[in-house]
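Listed below, chain by chain, are the residues.
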Amino acid sequence: MKLPEATTSRIIDFLLGGAENNGLVSYATESDSKVTIVPSRFRDEQYEVTQAECEIEGIPVLFGEDRIERRGSKVTVYADIVASAYYLLSRYDEYLHPERRDVHGRFMAKYSFLGSNHLLMRPIVDEYRELLCRWLDIEVPRRKNRIYLTHDVDTITHYRRPRGFVGGCARSLFTNGWEKIGDVLKSLKGVEYDPAYTFPYFMEEDHRVKDAHIIYFLKTAKTNVRYDLPFYSLKSKDYAKLTNLIRGSEIGYHSAYTSYDRPSQMISHNAGIGAAAHRSHFLRILPPEKMQCYVNAGITDDYSLAYAETVGFRLGTTRPCPAINPATGEMINLTLHPLTIMDCTLSEEHYMNLNREEATEICRQAIATVRRYDGDVCLLWHNTTINDREYHRELYHEVLSML
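Treat the numbers as computed from the prediction; the structure is a model and nothing was measured.

Procedures and definitions
- Residues numbered from 1 in each chain as written.
- Predicted model: local features only at pLDDT ≥ 70, side-chain atom pairs only at ≥ 80, totals over all residues.
- Heavy atoms only, no water.
- Helix = DSSP H or I, 4+ residues; strand = E, 2+ residues; numbered from the N terminus.
- Rg over C-alpha atoms; globule rule 2.2 N^0.38 Å.
- Buried < 20%, exposed > 50% of the residue type's maximum accessible area, 1.4 Å probe, protein only.
- Contact = heavy atoms within 4.5 Å.
- Areas by Shrake-Rupley, 256 points an atom, 1.4 Å probe, with all protein chains shown as cover.
- Lys, Arg positive; Asp, Glu negative; His and termini not counted.
- Charge placed at Lys NZ, Arg CZ, Asp CG, Glu CD.
- Arc of directions from axis to C-beta.
- Pairing = 2+ DSSP bridges.
- Expected span 1.5 Å × (residues − 1).
- Polar contact = N/O pair within 3.5 Å; in protein donor to acceptor, adjacent residues only side chain to side chain.
- Axes fitted to C-alpha atoms, helices over the stretch in contact; angles between N-to-C directions.

## Side note on the overall build of the chain
Phase 1: Per the secondary structure count, the chain includes 15 helices and 15 strands.
Phase 2: Computed over C-alpha atoms, the radius of gyration of the chain comes to 23 Å, within 12% of the 22 Å expected from 2.2 N^0.38 for 403 residues, which places it in the range of a compact globule.
Phase 3: Each principal axis of the C-alpha atoms in the chain carries an extent, and together these give about 80 × 40 × 35 Å.
Phase 4: In the chain, which comprises 403 residues, the share counted as buried stands at 57%.
Phase 5: Within the chain, contacts between residues separated by at least 24 positions form 71% of all contacts whose residues are at least 6 apart in sequence.
Phase 6: Carbon together with sulfur atoms contributes 48% to the accessible area of the chain, which is approximately 17700 Å² in total.
Phase 7: Computed over 49 positive and 55 negative side-chain charges, the inter-centroid distance for the chain is 6 Å.

Spelled out as structure tokens, the structure:
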């Protein structure tokens, strides 16, 4: 399969980051452009790469040669940053190895090119942008970075449904004693007394960050799979109180664990809220060649692109980018927003298992990198995490102070 010319043109535009091409950059064996990027054999014959084929100015380039020829004001580059960017943005290694997934069907960071080469904290596609601008002898186009403060609402309350109330009472009696029983009983007074209803805290915190875009991702599916539980009704009084509280924030669609690869379910589930923004439950993002399913469900923007087990830039960029189908090489009408930090990635024992100081430092590093490349900071904090994990309430406050 040969990479479509329309796709390579879009990638060049992405690398230029807002600068007009107007024939300045060509992807060809020879041209009259100021910069000519000579295609590697990957353009015509796609294949897996486990190590960078060359390095330019300390930046790994997946395909091509470490060779640059200058003739007057014109530059010919044999390091194929276009194919390299395509490989990373299209999640090509995931397409080649669908079997390399964890128990939840998620591609694992250690099997990716970036993960296996210890490059997850380096957005090398953004580094290619700076290389290209140096070859063109122009300033790197600047953009105002956006801040997305997002919350996955896996449950609105812990104890206000019959099953949750009975379970809370039972767990309290046999583990935590009568003090916890008091918390369970108190939740019957009103939704604001339930420990999962932390939304007033998030509203207050999030509005400290000027111009932040706030999104609450809501579940709409009712299934009996334990990873989708608990279910909350969009017709309940508690849901009505929540939506009234967060009025002015965007509502996103949180696709169910069970609808991961069932496009018809995604279409029907999203119909209830008609959201354009999406995040998959458990970050169970569809394989890259199936992302059109999201578009068919009315989704225009996805916020799922991170590895659950580690912080890093899964697509090699800090900026929103178009989705690409690696099976055809064609662009999909869907914008991917890289997820910078997810709360439980930091603290869960089976993920990074960081203490408070370590978590603060990795957040600081990730945010500094995003700012360095004028990218977008996208945070995911669950409404339940700040009570269930001892340091997350203070950590969230500190991270927002960084912003």
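## Comments concerning unusual backbone geometry
Phase 1: The omega torsion across Leu-229 and Pro-230 is 0 degrees, close enough to zero to call that bond cis.
Phase 2: By the secondary structure assignment, Pro-230 is in the loop between β8 (213-218) and α9 (237-245).
Phase 3: Even without glycine at this site, Arg-91 takes up a positive phi of about 55 degrees.
Phase 4: With respect to the helices and strands, Arg-91 occurs in the loop between α2 (81-89) and α3 (92-96).
Phase 5: Of the residues examined, Arg-91 reaches a relative accessible area of 3% and is grouped as buried.
Phase 6: For Asp-374, which is not glycine, the phi dihedral falls at a positive 55 degrees.
Phase 7: Taking relative accessible area as the criterion, Asp-374 reaches 8% and is therefore assigned buried.

## Regarding α9
Phase 1: Listed in full, the buried residues belonging to α9 are Asp-238, Tyr-239 and Leu-242. With its buried residues spanning 100 degrees around the axis, α9 presents them on a single face.
Phase 2: Of the surrounding secondary structure, the elements contacted by the buried residues of α9 are β7 (147-153), α8 (199-206) and β8.

## Considering the sheet that holds strand β15 (residues 377-380)
Phase 1: Spatially, β12-β13-β11-β10-β9-β8-β7-β15-β14 is the arrangement adopted by the 9 strands of the open sheet, whose pairing is mixed. Taken across any chain shown, the strands that pair with only one partner, and hence form the sheet edges, are β12 (321-325) and β14 (341-342).
Phase 2: In this structure, β14 lies alongside β15, joined through 2 bridges in parallel fashion. Paired with Met-342 across the strands is Leu-380, a residue of β15.

## Regarding helix α5 (residues 124-136)
Phase 1: Between its terminal C-alpha atoms α5 stretches 18 Å, which fits the 18 Å expected from 13 residues at 1.5 Å a residue.
Phase 2: The buried count for α5 comes to 12 of 13 residues, which makes it a mostly enclosed element.
Phase 3: Within α5 the residues assigned to the buried category are Ile-124, Val-125, Asp-126, Glu-127, Tyr-128, Arg-129, Glu-130, Leu-131, Leu-132, Cys-133, Trp-135 and Leu-136.
Phase 4: Following α5 by one or two positions, Asp-137 adopts a phi angle in the positive range, close to 60 degrees.

## Brief notes about the environment of His-254
Phase 1: Relative to the assigned elements, His-254 resides in strand β9 (residues 250-255).
Phase 2: For His-254 and Ala-277, which are 23 residues apart along the polypeptide, the C-alpha to C-alpha distance reads 8.7 Å.
Phase 3: Non-local contacts of His-254, meaning those with residues more than four positions away in its chain, are made with Asp-152, Asp-154, Phe-217, Leu-218, Lys-219, Arg-279, Ser-280 and His-281.
Phase 4: Of note is the side chain of His-254, whose polar atom sits 3.2 Å from the side chain of His-281.

## Some remarks on the sheet that holds strand β1 (residues 25-27)
Phase 1: Taken together, the 4 strands give an open sheet; going across it, the order is β1-β2-β6-β5, and neighbouring strands pair in mixed fashion. Only two strands of the sheet have a single neighbouring strand rather than two, namely β1 and β5 (64-71). Here the average twist between neighbouring strands, direction ignored, is 15 degrees.
Phase 2: One ladder, built from 3 bridges, connects β1 with strand β2 (residues 35-37); its direction is parallel. Looking at β2, one finds that Ser-26 is bridged to Thr-36.

None of this, on its own, says anything about what the molecule does.
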